Amino acid sequence: MNATTTLPTVTDTLGREMRDLRISVTDRCNFRCPYCMPAEVFGARYAFLPKPEILSFEEIERLTRLFVDLGVRKLRLTGGEPLLRADLAALIKMLTRIDGVEDIALTTNGYLLPRHAIALHAAGLDRVTVSLDSLDDDVFKRMNGREISVEPVLEGIRAAEAAGFDQIKINCVVQRGVNDQAVAQLARHFKGTGHIVRFIEYMDVGNLNHWVLSEVVPAREIVARVNDVAPIEPAAPNYRGEVASRYRYADGSGEIGVISSVSQPFCGDCTRARLSTDGHLLTCLFAAGGTDLKTPLRAGAGDDELRALIHSVWTARTDRYSEERANLIDESGHPHSGPKVEMYQIGG
């Protein structure tokens, strides 16, 4: 990546800088995970965004440059499933040319990686994160909603390795009574491989996953389950605002991460902005809505005008939903926080 020596500091009302941008390149997905795109809602007739409403690569590049002008250093491409967006490698090449971008990552379900890994690496993609919620075929098929077995995803991870991605992250959303046995399975499977499994507390993203607090496996329990596989110890964060708490294996054979948005919220260090598939700026994963950047962009707004709009949104930002959640949960364990944007529209 091209790195500048200094970047501006744009802070929100709580003093949090804008350093990360998550870009959703499509709202479509080839899986139907119940916690994101349940099959009973997203069936064959579901109307996803028509192509004219989706940001073009040129529009994504232009907006990204403006975010970088305001301090963003790291980009992550998400979806939906981002590899469903045609010629994604071309977008990555465009983004690598932006001065100030230090890192570009991709979050994917891994199914299409065998087809695209080489081109993604050649285009300049730095890192890959693969979502994998279980190694048990029956559990995994239920969780992806498409009867897809684990093997194609493992093949995708191997393809990423072969393409030259040397440290792959594996994301697992842990849901009690559904796939909590995956904690030990994944820890054993990837220990010593150089890849990092990140266990994510089941969160109330969007409105469709019927979230309830009793289905959350808290970070302390996840850590204990991994420690039963092999002793682990806390490790220092790589940088301020890192989402996952790090733990290294005592024998030096690698590390894991735990993302504890429910039991140990980290809103105070959140530096992430999100750009939706249809060009809305959102300042929180749990936001009810966002600010439309696409309309003024297509109406001819100049860079200064768009940059000022992004600046005004971030400097007015007050979001800290994860810290407030505890006061929003009713006696049955359900949140009463009102409507939220769905995860497939803005990524994780």
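Everything below is about the structure shown above.
As a starting point, this report considers the structure included with it. (Residues numbered from 1 in each chain as written. Predicted model: local features only at pLDDT ≥ 70, side-chain atom pairs only at ≥ 80, totals over all residues. Heavy atoms only, no water.)

1. Remarks on the overall build of the protein chain
Logical step 1: Along the backbone of the protein chain there are eleven helices and twelve strands.
Logical step 2: Scaling as 2.2 N^0.38, a compact globule of 348 residues should have a C-alpha radius of gyration of about 20 Å, and the protein chain matches this with 19 Å.
Logical step 3: Considered along the principal axes of its C-alpha atoms, the protein chain spans approximately 55 × 50 × 45 Å.
Logical step 4: The burial tally for the protein chain puts 54% of its 348 residues in the buried class.
Logical step 5: Across the protein chain, every contact between residues at least 6 apart in sequence was considered, and the portion connecting residues at least 24 apart equals 72%.
Logical step 6: A total accessible area of about 14,700 Å² is found for the protein chain, and carbon and sulfur atoms account for 49% of it. (Helix = DSSP H or I, 4+ residues; strand = E, 2+ residues; numbered from the N terminus. Rg over C-alpha atoms; globule rule 2.2 N^0.38 Å. Buried < 20%, exposed > 50% of the residue type's maximum accessible area, 1.4 Å probe, protein only. Contact = heavy atoms within 4.5 Å. Areas by Shrake-Rupley, 256 points an atom, 1.4 Å probe, with all protein chains shown as cover.)

2. Quick word on the nonpolar core
Logical step 1: Counting 109 residues, the largest nonpolar core has F67, L77, L88, L120, L132 and F199 as the members making the most contacts within it.
Logical step 2: Dropping the residues within four chain positions of it, L120 is found in contact with L83, L88, A89, I92, L106, L113, L125 and F165. (Core = buried A, V, L, I, M, F, W, Y, C linked by side-chain atoms within 4.5 Å.)

3. Considerations on the sheet that holds strand β7 (residues 232-235)
Logical step 1: Strands sit in the order β7-β8-β9-β6-β5-β4-β3-β2-β1-β10-β11-β12 across an open sheet of twelve strands; the sheet is mixed. A single partner strand is all that each edge strand has here, and the edge strands are β7 and β12 (291-292).
Logical step 2: By the bridge criterion, four bridges tie strand β8 (residues 245-249) to strand β9 (residues 255-259) in an arrangement that is antiparallel. Looking across to β9, one finds that R246 is bridged to G257. (Pairing = 2+ DSSP bridges.)

4. Brief notes about unusual backbone geometry
Logical step 1: Note that the residue after G79, namely G80, is joined by a cis bond; omega there is 10°.
Logical step 2: Among the structural elements, G80 can be located in the loop between β2 (74-78) and α2 (88-96).
Logical step 3: In this structure, D87 takes a positive phi of about 55° despite not being glycine.
Logical step 4: Note that D87 resides in the loop between β2 and α2.
Logical step 5: Positive phi values are uncommon outside glycine, yet E147 reaches one of about 60°.
Logical step 6: Positionally, E147 belongs in the loop between α4 (137-144) and α5 (151-163).

5. Observations regarding the pattern of salt bridges
Logical step 1: According to the stated counting rule, one finds 18 salt bridges in the structure shown.
Logical step 2: Its salt-bridge partner being D69, residue R307 comes within 3.1 Å of it at the nearest N-O pair. Here the residue R307 occupies a position in helix α9 (residues 303-315), and D69 occupies one in helix α1 (residues 57-69), the gap between them amounting to 238 residues.
Logical step 3: With a closest N to O distance of 2.9 Å, R246 and E255 form a salt bridge.
Logical step 4: One network of salt bridges, with partners in common, ties together D12, R16, R317 and D319. (Salt bridge = Lys/Arg side-chain N within 4 Å of Asp/Glu carboxyl O.)

6. Observations concerning the packing of α2 against helix α3 (residues 113-123)
Logical step 1: Running from N to C, α2 and α3 point in directions that differ by 15°, and their axes come no closer than 8 Å. Between α2 and α3, the crossing angle belongs to the class labelled roughly parallel. The handedness of the crossing between α2 and α3 comes out as right-handed. Facing L88, A89, I92, K93 and T96 of α2, the residues of α3 in contact are A119, L120 and A123.
Logical step 2: Considering only residue class, the contact of α2 with α3 consists of six nonpolar, one polar and one charged. (Axes fitted to C-alpha atoms, helices over the stretch in contact; angles between N-to-C directions. Parallel < 35°, antiparallel > 145°, perpendicular 65-115°, else oblique. Left-handed = near helix turned anticlockwise from the far one by under 90°. Nonpolar A, V, L, I, M, F, W, Y, C, P; charged D, E, K, R; others polar.)

7. A word on the packing of aromatic side chains
Logical step 1: If you walk through the whole model with that rule in mind, you get five aromatic pairs.
Logical step 2: For the pair F31 and Y111, a centre-to-centre distance of 6.3 Å together with 65° between the ring planes defines the contact as edge-to-face. Highlighted residues: F31 in the loop between β1 (20-24) and α1 and Y111 in the loop between β3 (103-108) and α3, separated in sequence by 80 residues.
Logical step 3: Looking at F31, the relative accessible area reads 3%, which means it is buried.
Logical step 4: Both rings, one in F42 and one in Y46, keep their centres 4.5 Å apart while their planes meet at 55°; by these two values the pair is tilted.
Logical step 5: By relative accessible area, F42 is classed as buried at 2%.
Logical step 6: Site record: aromatic cluster; members linked through ring pairs are F31, Y111 and F140.
Logical step 7: Lying across the ring of Y249, K191 places its NZ or CZ 5.3 Å from the centre. (Phe/Tyr/Trp six-rings, centres within 6.5 Å; stacked < 30°, edge-to-face > 60°. Lys NZ or Arg CZ within 6 Å of the ring centre and 35° of its normal.)

8. Here we look at the environment of N179
Logical step 1: When you line up the elements, N179 lands in the loop between β5 (169-174) and α6 (182-190).
Logical step 2: Classification of N179 as buried rests on a relative accessible area of 0%.
Logical step 3: Remark: the alpha-carbon pair of N179 and F140, spanning 39 residues in sequence, is separated by 8.3 Å.
Logical step 4: Leave out the neighbours within four places in its chain, and N179 touches D133, V139, M143, C172, V173 and V174.
Logical step 5: In this structure the side chain of N179 is engaged in a polar contact, spanning 2.8 Å, whose partner is the backbone nitrogen of Q175. (Polar contact = N/O pair within 3.5 Å; in protein donor to acceptor, adjacent residues only side chain to side chain.)

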